[in-house]
Each structure stands twice: as structure tokens, then as C-alpha cells.
Amino acid sequence: MKRQKAKARKGIKVSSYRGRKRYRYREPCLTIAAVALLAVAVLCLTVLPGARFSGWLAIALVGLCALVFLLGRWAEHSDAGKLCLRIFYGVLAVGLWLFLSVEGLLLSYGERDNTALPVDAVIVLGAGVNEETPSLILQSRIDAAAGYLEKHPDIPVVLSGGQGPGEDISEAEAMYRALRSGGEEDSRYLLEDKSTSTAENFAFSKALLQENGVDTDTAVIAVVTSDFHCFRAHLIAQREGLTEVDIPAEVPWRLLEVNYYIREFFALGKTLVFD
């Protein structure tokens, strides 16, 4: 300590031991976090079907770790660096608070049980089809719709979803094949097979219901979709002037469900800002 004070009196810049002590655990922690995130990225991008978003997000977080590392090194030797690091941590804290708040909202909508509420029609929202086979997400919606329709047998049902890349049939057709009883034609089901987004799902389904005698200005409509998607679907349905209740379909794989709930945070932001 005396030696440091002597150097300071001579004008020699001395790094603060207290500052070094404050930062000494950061770099090992960042290294461990980066390695773990890279492992998650490889797992999601190569092994887990449907979890590619989480893989790319993990890679982005590795970049974030690198940024914290560089800011930390700068902060050890510069007051400007310390200020930038504090600002960065503040922005990160606000972002984390926003993320957790939105995720709590998404979870609350995804866990609602509205099956006993009276409705006038049903819309089942489509999801991906692998050639002619429903994807895991679409199959979960089909299963939820089948259970719900058994309790509400006498109301019209719109199966909504167009045909995208890698799909040999439309999402609406895939749902129809799975839901019709005994493979026989069933006039109860109305196929909306042109939509390519959730907004189009509701706009085209609304027009189809109106064509078939449903007054969408007064009708209450049950919307079957994935649990993570319920809140955003609710917002978009309201924009189309529909009164709806959510019928959540649970994603069967927990890791895949986490992936979709995280992705939905960014999808919701896009819907609120750009759509």
C-alpha cells in the first residue's frame, strides 16, 4: 500500500486493486456462459426439430457475452468505459424486466380454461405441414380442437391455414383430414386455405363465417391455437373486430414449448410495432 502511494505521489498511474477484485470473476463467468450457449446453439440447430430460433438466439447471446467482455476490459482502465458498462447493464436490466413481464402475460393466456364458455363458432388456426403430415405444433392444435368440438358439436368450424413451402396440401386440408369422422365428408367444417399469416387467418375466416350466416359483429368465437400463441392471436382477432375466447393447445415437448414462448416475445413485438 505504501509503495502504491509512493508511486501515486510520483505521478505514476496505479491500477486499483479494488477495481481488479471487482472484475476478476466476470471473465471466467462469461467464458462459461459462452461455452454453454454454444452447446445450446449446436443442440438446437442440429438435433431438436423446431428449435432453430433458440439456436440462433443462443449465438446472439454469445455475441452479447463478447460485448460485455470488451466493455469490462475497457471499464478497468477508463472512467468512460465504466459509464458505458453501467449504461449497458441498465439497458440489459430493463430488457430483462420487459421480457419476463411479457412472458408472464403469455403464460397467463396460455393457461386459461375457456372450454365451458358458450360460443357461436370455432376457428382453428393452422401451423406447418410436412408434405401431407401435420407438424408437431399443428397436431397439438388438431388434438385440442377434437376434444373441444366433442363438447360443442353443433356449431360451424373454420379450419384456417394456407399452403406454404414444403407443404403438399394446405394446413386447412391437413386439419380437415384429421378431424372429420370416419373419413366422410362433413359440411360442418369450412376450409379457409388461402391465408399466410395470423392476420389473414382471422380476416379470411371472418369473411367465410359471414358467408355462412354467422353474424361476426355479435358472435363469440372460440379460437384454437397453441398456448404460446393465444395472447397475440387475441390481439389480432380484436383488430379484426372479433369477440373471441382462447382454447389453448399445449405443446407436448417442454423444451420445444420454451423455444416457442421465447420466440413469441419477439413475434409479439413485431406485431405491435410493424403490423
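Use the structure listed above.
Let us look at the structure shown here.

Each value, and the rule that gives it
- Residues numbered from 1 in each chain as written.
- Predicted model: local features only at pLDDT ≥ 70, side-chain atom pairs only at ≥ 80, totals over all residues.
- Heavy atoms only, no water.
- Buried < 20%, exposed > 50% of the residue type's maximum accessible area, 1.4 Å probe, protein only.
- Helix = DSSP H or I, 4+ residues; strand = E, 2+ residues; numbered from the N terminus.
- Pairing = 2+ DSSP bridges.
- Axes fitted to C-alpha atoms, helices over the stretch in contact; angles between N-to-C directions.
- Contact = heavy atoms within 4.5 Å.

1. Regarding the pairing of strand 1 (residues 121–125)
In terms of residue burial, strand 1 counts as a mostly covered element, since five of its five residues are buried. Side chains of strand 1 alternate between two faces, with Ala-121, Ile-123 and Leu-125 and Val-122 and Val-124 buried alike. In this sheet, strand 4 (residues 157–160) lies alongside strand 1 in parallel orientation, the contact comprising four bridges. Considered in strand 4, the bridge of Ile-123 is made with Val-158.

2. A closer look at the sheet that holds strand 6 (residues 220–226)
If you trace the five strands from one edge of the open sheet to the other, you get 5-4-1-6-7, paired in parallel fashion. Bordering the open sheet on either side are strand 5 (189–192) and strand 7 (243–249), each of which pairs with just one other strand. Between one strand axis and the next, the sheet turns by 25° as a mean value, whatever way the strands run. Of the strands in this sheet, strand 1, strand 4, strand 5, strand 6 and strand 7 are in contact with helix 6 (residues 136–151), which crosses strand 6 at around 145°.

3. Section: the side chain of Ser-226
Counting through the fold element by element, Ser-226 comes out in strand 6. Residue classification places Ser-226 among the buried residues on the basis of a relative accessible area of 0%. Residues within four places of Ser-226 in sequence aside, it is in contact with Ile-137, Ser-140, Arg-141 and Ala-249.

By themselves these figures say nothing about function.
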